[in-house]
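Summary of the model geometry
The chain contents come next:
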Amino acid sequence: MFRPKSGSSARSIRKLSQNEDPAVKSNTIERITDYITNYELPSPCLVLDVDAVEENYKEMASLFPSAKIYYAVKANPAEMLVKRLDQLGSCFDTASPGEFDMCIRLGIAPERISYGNTIKKQADIAYAYAQGIRLFAFDSENELEKIAASAPGSRVYCRILVESGGAEWPLSRKFGCAPEMALELLIKAQGLGLDAYGVSFHVGSQQVNLDRWEPAIAKVAEMFAQAKKQGVNLRLIDMGGGFPTHYRTDVEPIKSYEQKISAAMDKHFGTDLPDIILEPGRSLVGGAGIIQAEVVLISRKSTEEKTRWVYLDIGKFSGLAETMDEAIKYHIVTARDGGPTGPVVLAGPTCDSADIMYEKTHYEMPLDLKEGDKVLILATGAYTTTYSSVNFNGFAPLGIVCI
Ligand SMILES: Cc1ncc(COP(=O)(O)O)c(C=O)c1O
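Here we summarise the structure given alongside this text. (Residues numbered from 1 in each chain as written. Predicted model: local features only at pLDDT ≥ 70, side-chain atom pairs only at ≥ 80, totals over all residues. Heavy atoms only, no water.)

Concerning the site of the ligand
Put simply, the rule reads: A molecule or strand has a residue near it when one of that residue's heavy atoms lies within 4 Å. Pairing of N or O atoms within 3.5 Å defines a polar contact, subject to two protein rules: one partner must be a possible hydrogen donor and the other a possible acceptor, and residues neighboring in sequence count only if both atoms are side-chain atoms. For cavity detection a 1 Å grid was placed over the protein atoms alone, and a set of points counts as a cavity when a 1.4 Å probe fits there but cannot get out; an open set counts as a pocket when protein lies on both sides within 12 Å along at least five of seven lines, with lining residues being those that have an atom within 4 Å of a point. Any molecule with more than half of its atoms within 2 Å of a cavity's or pocket's grid points is counted as sitting in it.
As a matter of local geometry, the ligand sits amid 13 residues, with His-202, Ser-205, Glu-279, Gly-281 and Tyr-383 nearest to it. Note that an oxygen atom of the ligand is positioned 2.5 Å from one of the side-chain N or O atoms of Ser-205. In this structure the site holding the ligand corresponds to the largest pocket.

Here it is in structure tokens:
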């Protein structure tokens, strides 16, 4: 925890809580700005409202009562947050020994942890197995053989390639394989003594096209039917993440996603529902966090140039990696909002020319913005602290405080 603050600089930040923005729920804005007002924080720093994560988790759990939620730890592995989700009954999707070791250290039973990365070292699979983990993802023959050798008898699910157009942070072709190949591999898995449990997919992160789930669910149902004919009883559909956070533009509520997904499950599985796993990351934690950062420099590239360059003390290498290709467009507010504004390019503080967040995307900031002003970057609870580099240019990694 940080030192209580004295003095008045906090008063200007207080105005931000009046800047009602659905990107972050108003009670979350209030809790976070209260904290920022009262405590001296390093800059930049993410403030994460764990109660807001709880609200998001409960909403998702109530909308999908027949699904198990495996929180994607990679979105934000803050221990206080993981502990809260554990208390709420969540399971955990982990990508590496670092993540599952932390979960186990926090007392989470290995039965509630999956090793969902399709790219694992043989030794790490063996280590996970020794820790008691029995649920593994794969999407290739070699990976399947590694699991069979080092995690005998475990439950495995194969990730298939699905269409991810419409996702603001697509996961491309790096993960998954063709469904036909996945089916062959699942049959092989059974032959290798593994439990061929089912199929997973991920429609891409920050997926704003609600129609991406139905074709994927249809494909999985078809695979279940074909596997059955060959004596393999698939029982799991793992739909990954993809549910959005509100950044600068409106997104549909999770309820609308649930309606589409439930309709697709009814259509393709009827009353014979398989086990269902959801692996939300962004949608649970994104809107629960706000980064407070600071303006370091405001400049122009020529005397005629209208556009100002605003350099913050946070950039692509200190937490805002998802601004790569200007993919995720964060909402940024200042205590001077409300007056006249002008166009800006937003960049980070390092001596790397790639460290520009927004140059093509139109951003405006107050004309009276000054160096030293605080800015709040909304809905930054997901994929920020962990993307922050260790020490690039000597800058410390992004700080976090959970409240
Ligand atoms: C296997 C897996 N599951 C779940 C997630 C979380 O996705 P999201 O943050 O879109 O909810 C990811 C994100 O990369 C992932 O790779």
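Considerations on the pairing of strand S2 (residues 67-72)
Cut-off, in case you're wondering: Relative accessibility decides the category of a residue: with a 1.4 Å probe and only protein chains considered, values under 20% of the type maximum give buried, values over 50% give exposed, and everything between is partly exposed. Only DSSP runs of H or I with at least four residues qualify as helices, and only runs of E with at least two residues qualify as strands; both kinds are numbered from the N terminus onward. A pair of strands is treated as paired once DSSP finds two or more bridges between them.
Taking burial as the measure, the six residues of S2 include five buried ones, the bulk of the element. Here S2 runs beside strand S11 (residues 275-278); their pairing, made up of three bridges, is parallel. Directly across from Ile-69, in S11, lies its bridge partner Leu-278.

Overview of the packing of aromatic side chains
Note the cut-off: Aromatic pairs are defined between Phe, Tyr and Trp rings, using the six-membered ring for Trp, whenever the two ring centres lie within 6.5 Å; interplanar angles under 30 degrees are classed as stacked, those over 60 as edge-to-face, and all others as tilted.
Per the stated rule, a full pass over the model turns up 14 aromatic pairs. Aromatic pair Phe-100 and Tyr-115: ring centres 5.1 Å apart, planes at 70°, arrangement edge-to-face. Of this pair, Phe-100 sits in helix H5 (residues 97-105) while Tyr-115 is found in strand S4 (residues 113-115), placing the two residues 15 residues apart along the sequence. For Phe-100, a relative accessible area of 0% translates into the label buried. Arranged with centres 5.5 Å apart and planes meeting at 80°, the rings of Tyr-247 and Tyr-330 form a pair that is edge-to-face. Remark: Tyr-330 occurs in the loop between strand S13 (308-312) and strand S14 (332-334) and Tyr-247 occurs in the loop between strand S10 (236-238) and helix H10 (254-269); sequence separation between them is 83 residues. Accessibility assignment for this pair places Tyr-247 and Tyr-330 in one class, buried.

Some points on the layout of surface pockets
Stated formally: Grid points are joined across faces, edges and corners, and a volume is the space filled by probe spheres set on the points. Note on residue categories: nonpolar means Ala, Val, Leu, Ile, Met, Phe, Trp, Tyr, Cys or Pro, charged means Asp, Glu, Lys or Arg, and polar means any other residue, Gly included. For the domain bounds, the source is a domain assignment made automatically or taken from a database.
Quantified by volume, the largest pocket comes out at close to 720 Å³. Around the largest pocket, the lining is made up of 34 residues, and of these Lys-74, Arg-159, Leu-171, Phe-175 and Tyr-383 lie nearest the centre. For the lining of the largest pocket, the elements supplying multiple residues, two or more each, are strand S6 (155-159) and helix H11 (282-285). Of the residues contributing to the lining of the largest pocket, the split by class is 13 nonpolar, 13 polar and eight charged. Per-domain counts for the lining of the largest pocket show at least three residues from each of domain 1 (9-48 + 286-402) and domain 2 (52-285). In this structure, the second largest pocket spans a volume of roughly 420 Å³.

Quick notes on the nonpolar core
We apply this condition: Here, nonpolar core means buried Ala, Val, Leu, Ile, Met, Phe, Trp, Tyr and Cys residues that are tied together by side-chain atoms lying within 4.5 Å of each other. Throughout, a residue-residue contact means that at least one pair of heavy atoms, one from each residue, lies within 4.5 Å.
Formed by 76 residues in total, the largest nonpolar core has its most connected members in Phe-201, Ile-217 and Met-239. The greatest single-element share of this core, amounting to eight residues, is contributed by helix H9 (residues 213-229). Taken domain by domain, the makeup of this core includes at least three residues from each of domain 1 (9-48 + 286-402) and domain 2 (52-285). Ile-217 has contacts with Phe-201, Ile-237, Met-239, Ile-261, Ala-264, Met-265, His-268 and Phe-269, leaving out every residue within four places of it along the chain.

Structural notes on the pairing of strand S15 (residues 341-347)
S15 sits mainly inside the fold: five of its seven residues count as buried. The pairing of S15 with strand S16 (residues 356-366) spans six bridges and is antiparallel. In the sheet register, Leu-346 faces S16, and the bridge partner there is Tyr-358.

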